[in-house]
Amino acid sequence: MTQNNIINKIDLKYVVIVLCAVFFSTLFHELAHWSMGEILGNDMNASLNSAGPISGNYIQKWHTHAVTLAGPLFTILQAILFYFLLNKYPKKELYPFLLFPFAMRFWAGLANLLGPNDEGRLGLSLGIGLLTLSILVSCFLFFLAYKSSKRHGFSLKFNLISFLLCSVFLIILSFVNEYFKIKII
């Protein structure tokens, strides 16, 4: 087996790592929302796919924007961190933690068409439209994944399968959260 085949091999271990990347990245994204709300003095709750004030309203209107920003900001910082970690320690096991933020924000951007979420709400509040921030964030995260992928020799097939795994696990996590009404805080 050539070095390129080893790098691009998707085995059970890699699939489990992708699952962990999806779970922990989503969990910490929601905990970032929750933490910001709590720091601002709001009593918050969080599930695997959402976070918000227990009362249904924030203490001050601007808290909505700060709490909304916290999740995507954490996700962007995660991608930047893993971009640099992957460059320093070239191990494909780190790659899902860089690729998933792109997948997460890409699908969240499309979900804005069903109803505004993080970047969509922020874009509307800034007067720059529903999709503008989603497109900018997704493009930046794609750029990081693309650049890292090129540097480390990850094939198009490897990337497509990894993206598909990220997407399927995200959908499963979302459905499990909705069906079981999982509260993390």
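Everything numeric in this text was worked out from a predicted model, so none of it was measured. (Residues numbered from 1 in each chain as written. Predicted model: local features only at pLDDT ≥ 70, side-chain atom pairs only at ≥ 80, totals over all residues. Heavy atoms only, no water.)

K.L.:
Give a description of the nonpolar core that names residues and reports values.
P.N.:
One finds Val18, Val22, Tyr95, Leu98, Leu99, Phe100 and Cys166 to be the most contacted residues of the largest nonpolar core, which totals 29 residues. Mapped onto this core, the elements with two or more residues apiece are helix 2 (12-39), helix 3 (61-88), helix 4 (96-111), helix 6 (132-152) and helix 7 (156-180). By residue number, the principal contributor to this core is helix 4, which donates 7 residues. Beyond its immediate sequence surroundings of up to four residues, Phe100 is in contact with Ala21, Val22, Ser25, Thr26, Cys166 and Leu170. (Core = buried A, V, L, I, M, F, W, Y, C linked by side-chain atoms within 4.5 Å. Buried < 20%, exposed > 50% of the residue type's maximum accessible area, 1.4 Å probe, protein only. Helix = DSSP H or I, 4+ residues; strand = E, 2+ residues; numbered from the N terminus. Contact = heavy atoms within 4.5 Å.)

K.L.:
Describe in detail the environment of Gln60, supporting the description with residues and values.
P.N.:
Of note, Gln60 is situated in the loop between strand 2 (51-53) and helix 3. A residue is classified by how much of its surface remains accessible, and Gln60, at 40% relative accessible area, is partly exposed. Considering only alpha carbons, one finds Gln60 and Ala145, 85 residues apart in sequence, at a separation of 37 Å. Within the structure, the side chain of Gln60 is placed 2.6 Å from the side chain of Trp62, a separation counted as a polar contact. (Polar contact = N/O pair within 3.5 Å; in protein donor to acceptor, adjacent residues only side chain to side chain.)

K.L.:
Explain helix 4 residue by residue, including any values.
P.N.:
Look at helix 4: 22 Å from first C-alpha to last across 16 residues, which is about the 22 Å you get at 1.5 Å a residue. Of all 16 residues in helix 4, 12 are buried; the element is thus mostly enclosed. Within helix 4, the full set of buried residues consists of Pro96, Phe97, Leu98, Leu99, Phe100, Pro101, Phe102, Ala103, Met104, Arg105, Ala108 and Gly109. Tucked into the core, helix 4 has its buried residues touching helix 2, helix 3, helix 5 (118-126), helix 6 and helix 7. (Expected span 1.5 Å × (residues − 1).)

K.L.:
Explain a nonpolar patch on the surface to me, using residue names and the numbers behind them.
P.N.:
On the surface, Leu164, Val168, Ile172, Val176, Tyr179 and Phe180 cluster together to form a nonpolar patch covering roughly 620 Å² of accessible area. With respect to the secondary-structure elements, Phe180 resides in helix 7. (Patch = residues over 30% accessible without salt bridge, like charges linked within 9 Å, V, L, I, M, F, W, Y side chains within 5 Å. Areas by Shrake-Rupley, 256 points an atom, 1.4 Å probe, with all protein chains shown as cover. Salt bridge = Lys/Arg side-chain N within 4 Å of Asp/Glu carboxyl O.)

K.L.:
Please provide a residue-by-residue account of the pattern of salt bridges, values included.
P.N.:
Summed over all chains, the structure comprises 5 salt bridges. A salt bridge links Arg105 to Asp118; its shortest N-O distance comes to 3.5 Å. Linking Arg105 in helix 4 with Asp118 in helix 5, this pair joins segments that are 13 residues apart in sequence. Grouping residues by exposure puts Arg105 and Asp118 together as buried. We note a salt bridge from Arg105 to Glu119, for which the minimum N-O separation is 2.6 Å. One end of the pair, Arg105, is in helix 4; the other, Glu119, is in helix 5, and 14 residues separate them in sequence. Across the pair, Glu119 and Arg105 agree in class, each one buried. The network of salt bridges with common partners includes Arg105, Asp118, Glu119 and Arg121.

K.L.:
Tell me what's going on with unusual backbone geometry, and back it up with residues and numbers.
P.N.:
Phi is positive for Lys181, which is not a glycine, with a value near 50°. Within the element layout of this structure, Lys181 appears in the segment after helix 7.

K.L.:
Explain the packing of helix 4 against helix 6 to me, and be specific about the residues and the numbers.
P.N.:
Packing of helix 4 against helix 6 leaves a shortest axis separation of 9 Å and a crossing angle of 155°. By the angle between their directions, the pair helix 4 and helix 6 is classed as roughly antiparallel. Taken as a pair, helix 4 and helix 6 cross one another with a handedness that is left-handed. Of the residues in helix 6, those touching helix 4 at Leu98, Leu99, Pro101, Phe102, Arg105, Phe106 and Gly109 are Ser134, Val137, Ser138, Leu141, Phe142, Leu144, Ala145 and Ser148. The class makeup of the residues in the contact of helix 4 with helix 6 is 10 nonpolar, 4 polar and 1 charged. (Axes fitted to C-alpha atoms, helices over the stretch in contact; angles between N-to-C directions. Parallel < 35°, antiparallel > 145°, perpendicular 65-115°, else oblique. Left-handed = near helix turned anticlockwise from the far one by under 90°. Nonpolar A, V, L, I, M, F, W, Y, C, P; charged D, E, K, R; others polar.)

Any link to function would need more than the numbers given here.
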